[in-house]
Amino acid sequence: MNKPRLLSGHETELLTSEELRKASEDLLKYKSGLVRILPDGWLYPAITTRYLDRLYNMELRPDDVFIIGFPKSGTTWMQEILWVMLRNPDLDPNNEEMKEPLWVRSLDVSFDLHLDNDKLAKRDIKSLAEKFSRVCSGKKVEDGMAIQIAESQPSPRVMKSHFPLELHNKDLLKKCKVVYVARNPKDVMVSYYYFIRAMRNANYQGSLEKFAREIKKGDFRFCPYWPHVLQAWRQRDNPNLYFTTYEDMKDDIMGQLRNINKFLGKNLTKEQLKKIAEFTSFSSMKTRGEPIDKAFFREDMWKKQGGMFRKGIKGDWKNHFSPELNQEMDQWIRDNVKDTGLNIQYAFADASPTK
Ligand code: A3P
């Protein structure tokens, strides 16, 4: 039987009832079922194929900047950096746009798939829904709120996406700029775990070990992990892609800001960059508050865990992984980075201390 194709040319395959029976309980909450996008097997709620086609057709502008990364890799941090550099580099406190939460001034074009869920009410995404009514009048919610708001945004746009490079328009890297952020997958697992436990529409009940193995097997939303990172890594010499890691940002944020300044062709001064580093530091962002509506999360857990700005450190896996789990994940990392030239720092047990 022919498998339906996306506009990007990828074949898609719905999960069978047998596969659904084995899927993570979290993923069974989607109304549309689940789909794998081939050949890598990207796993999403089935409705995502519609959003991917919409995204594929989105008109790209030469000054668009995308931040792409696997969830929980530090994409919100980079998103704020890029947005400020492009739209408010002097950090003018009276900047009107700045009064909006980050997620409605810089859209996550992979967000809409979360709405395929009975657990999420419009009140949970109030600021997004309000903006949609304001700037997308006459448009249909089913065609994607975040994507359509993004389509209406003024230039230069800063958009975020958790989809892998290959599912975007084939001309993405010819027409606009992409910043890709990767993070030690063991820290991604810990960060993602806390996130989905608190997310109202996920409310994950399993253990961290179970979750880590689901990610490893590619059996969770936005997986598989390695093809996501390696597709971008292979493009590291493309002049329109800047590849960086959460760990590099933690170690030397000024160095990263200088590189990004150059990559964007911005010519911001050292003073401006210093202020941007401070403005986007973990403590400043945490103090300013949530970039996305709090009601998206279960309040009790969200507060307890520290919210969207949970810990903001390298190596939190050391506080969570058993020696066995660590060994298993180290082997998985070794197998996957072998011969790629990619050095995911701090992934292994003997790495430098947490800071
Ligand atoms: P932790 O859960 O380990 O604390 P994403 O934005 O891609 O969802 O990634 C979220 C992770 O980035 C969270 O990690 C969060 O705390 C961290 N983060 C967000 N803003 C940060 C900042 N300004 N500096 C350092 N880490 C940040």
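Here is what the cut-offs are and how they apply
Residues numbered from 1 in each chain as written. Predicted model: local features only at pLDDT ≥ 70, side-chain atom pairs only at ≥ 80, totals over all residues. Heavy atoms only, no water. Helix = DSSP H or I, 4+ residues; strand = E, 2+ residues; numbered from the N terminus. Rg over C-alpha atoms; globule rule 2.2 N^0.38 Å. Buried < 20%, exposed > 50% of the residue type's maximum accessible area, 1.4 Å probe, protein only. Contact = heavy atoms within 4.5 Å. Areas by Shrake-Rupley, 256 points an atom, 1.4 Å probe, with all protein chains shown as cover. Polar contact = N/O pair within 3.5 Å; in protein donor to acceptor, adjacent residues only side chain to side chain. Near = heavy atom within 4 Å. Pairing = 2+ DSSP bridges. Axes fitted to C-alpha atoms, helices over the stretch in contact; angles between N-to-C directions. Expected span 1.5 Å × (residues − 1). Arc of directions from axis to C-beta. Phe/Tyr/Trp six-rings, centres within 6.5 Å; stacked < 30°, edge-to-face > 60°. Disulfide = S-S within 2.5 Å.

Caption draft 1: The overall build of the protein, seen in detail. Assigned secondary structure in the protein consists of 16 helices and 7 strands. For 355 residues, the compact-globule estimate of 2.2 N^0.38 gives 20 Å, and the protein sits close to it at 19 Å. Projecting the C-alpha coordinates of the protein onto the three principal axes gives extents of approximately 55 × 55 × 45 Å. Expressed as a percentage of its 355 residues, the buried residues of the protein come to 59%. Residue pairs in contact within the protein that sit at least 24 positions apart in sequence constitute 73% of those at least 6 positions apart. About 15600 Å² of surface is accessible on the protein, with carbon and sulfur atoms providing 49% of the total.

Caption draft 2: Focus on the environment of serine 110. Turning to its location among the elements, serine 110 is positioned in the loop between helix 4 (102–105) and helix 5 (126–135). A relative accessible area of 1% means that serine 110 is categorised as buried. A sequence separation of 51 residues divides serine 110 from serine 161, and the C-alpha atoms of the two residues are 5.2 Å apart. Ignoring sequence-local partners within four residues, the contact set of serine 110 consists of Lys160, Ser161, His162, Phe163 and Phe222. Only 2.5 Å separates the side chain of serine 110 from the side chain of aspartate 108, close enough to count as a polar contact. Polar contacts involving the side chain of serine 110 include one to the main-chain amide nitrogen of histidine 162, which spans 2.9 Å.

Caption draft 3: Examining the site of the ligand more closely. The local shell around the ligand holds 18 residues, among which Thr75, Thr76, Ser191, Tyr246 and Lys311 are the closest. At 2.9 Å, a backbone N or O of threonine 280 approaches a nitrogen atom of the ligand. Lysine 311 is positioned such that a nitrogen or oxygen atom in its backbone is 2.7 Å from an oxygen atom of the ligand. Look at the ligand: alone it shows 560 Å² of surface, and the protein chains cover 98% of it.

Caption draft 4: A look at the sheet that holds strand 4 (residues 65–68). Taken in spatial order, the 4 strands of this open sheet run 5-4-6-7, and their pairing is parallel. Of all the strands in the sheet, just strand 5 (158–161) and strand 7 (241–245) have a single pairing partner and so form its edges. On average, adjacent strands in this sheet sit at an angle of 20 degrees to one another, irrespective of strand direction. The pairing of strand 4 with strand 6 (residues 177–182) spans 4 bridges and is classified as parallel. Bridged to isoleucine 67 within strand 6 is valine 179. The sheet strands contacting helix 3 (residues 75–87) are strand 4, strand 5, strand 6 and strand 7, and the helix crosses strand 5 at an angle near 165 degrees.

Caption draft 5: Summary view of the pairing of strand 6. Most of strand 6 is tucked away, with 5 of its 6 residues classed as buried. Strand direction decides the pairing type here: strand 6 and strand 7, joined by 5 bridges, are parallel. Pairing of valine 178 across the sheet is with leucine 241, part of strand 7.

Caption draft 6: Structural detail: helix 16 (residues 323–337). Here helix 16 is 15 residues long and its end C-alpha atoms lie 21 Å apart, about the 21 Å a rise of 1.5 Å per residue gives. Within helix 16, burial applies to Leu325, Asn326, Met329, Asp330, Trp332, Ile333 and Val337. On an axial view of helix 16, the arc spanned by its buried residues comes to 160 degrees, and they lie on one face. Away from the buried face of helix 16 by more than 90 degrees, exposed residues Pro323, Glu324 and Gln327 are located. Lining the buried residues of helix 16 we find helix 8 (185–198), helix 9 (208–217) and helix 10 (225–233). Phi turns positive one or two residues past the end of helix 16, at aspartate 339, with a value near 65 degrees.

Caption draft 7: Fine view of the packing of aromatic side chains. Counted by the stated rule, this structure contains 23 aromatic pairs. The interplanar angle of 75 degrees and the centroid separation of 5.3 Å between the aromatic rings of phenylalanine 70 and tyrosine 225 together place this pair among those described as edge-to-face. One end of the pair, phenylalanine 70, is in the loop between strand 4 and helix 3; the other, tyrosine 225, is in helix 10, with 155 residues separating them in the sequence. This pair shows no difference in class: phenylalanine 70 is buried, exactly as tyrosine 225 is.

Caption draft 8: Spotlight on the environment of proline 93. Mapped onto the fold, proline 93 is located in the loop between helix 3 and helix 4. Residues proline 93 and serine 152, spaced 59 residues apart in sequence, show a C-alpha to C-alpha distance of 24 Å.

Caption draft 9: The state of the cysteines, seen in detail. Taken as a whole and assessed by the stated rule, the structure comprises 0 disulfides. Unpaired in terms of disulfides, cysteine 136 finds its nearest cysteine sulfur in cysteine 176, a separation of 19 Å. With relative accessibility at 2%, the residue cysteine 136 sits in the buried group. By relative accessible area, cysteine 176 is classed as buried at 1%.

Caption draft 10: Local environment of unusual backbone geometry. A cis amide bond, omega 5 degrees, links leucine 38 with the succeeding residue proline 39. Within the element layout of this structure, proline 39 appears in the loop between strand 2 (34–37) and strand 3 (42–45). Each neighbour pair has its own omega, and for cysteine 223 with proline 224 the value is 5 degrees, a cis peptide bond. With a phi close to 55 degrees, leucine 91 is a non-glycine residue in the positive phi region. On the basis of relative accessible area, leucine 91 is assigned to the buried category, the value being 18%.

Don't take any of this as a statement about function, it's just geometry.
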